[in-house]
Amino acid sequence: MFERLPEAGGGTITIAVDGIAVTARAGDTVAAALLAAGFLSSRTSPVSGAPRGPYCMMGVCFDCLATIDGIGSRQSCLVLVREGMRIETQRGGRVVAP
Ligand code: FES
């Protein structure tokens, strides 16, 4: 479905997705890195529990929400990967601190 432009991207970096080391390309967004690594879902719906994954890739649909470096509900299509980044898929709604 998706193809990389041949001239796109720099070197490779390592990120952690749900504690698993994953190789990503520098310059990719987190959403692109997740899709390239085979993670088609970055969260589940808080209402039905259905898996949700990146759809628009441009910050409109909010289906790409993920926890990035400990901060929940970030739009992964708008954040660039960087070495050592920690990404967790979200299950249900974000927990709000009391
Ligand atoms: S994929 Fe639509 S907001 Fe990120």
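Residues numbered from 1 in each chain as written. Predicted model: local features only at pLDDT ≥ 70, side-chain atom pairs only at ≥ 80, totals over all residues. Heavy atoms only, no water.

### A closer look at the pattern of salt bridges
- By the definition in use, this model includes three salt bridges.
- For Asp69, the salt bridge identified is with Arg82, shortest N-O distance 2.3 Å. Of this pair, Asp69 sits in the loop between strand 5 (65–68) and strand 6 (71–75) while Arg82 sits in the loop between strand 6 and strand 7 (86–88), and the two are 13 residues apart along the sequence.
- Salt bridges linked by common partners bring Arg43, Arg52 and Asp63 together as one network. (Salt bridge = Lys/Arg side-chain N within 4 Å of Asp/Glu carboxyl O. Helix = DSSP H or I, 4+ residues; strand = E, 2+ residues; numbered from the N terminus.)

### As for unusual backbone geometry
- Unusually for a residue other than glycine, Met57 sits at a positive phi of about 60°.
- Within the secondary structure, Met57 is located in the loop between strand 4 (51–52) and strand 5.
- One non-glycine residue, Phe62, lies in positive phi territory at about 65°.
- Note that Phe62 resides in the loop between strand 4 and strand 5.
- Residue classification places Phe62 among the partly exposed positions, given a relative accessible area of 42%. (Buried < 20%, exposed > 50% of the residue type's maximum accessible area, 1.4 Å probe, protein only.)

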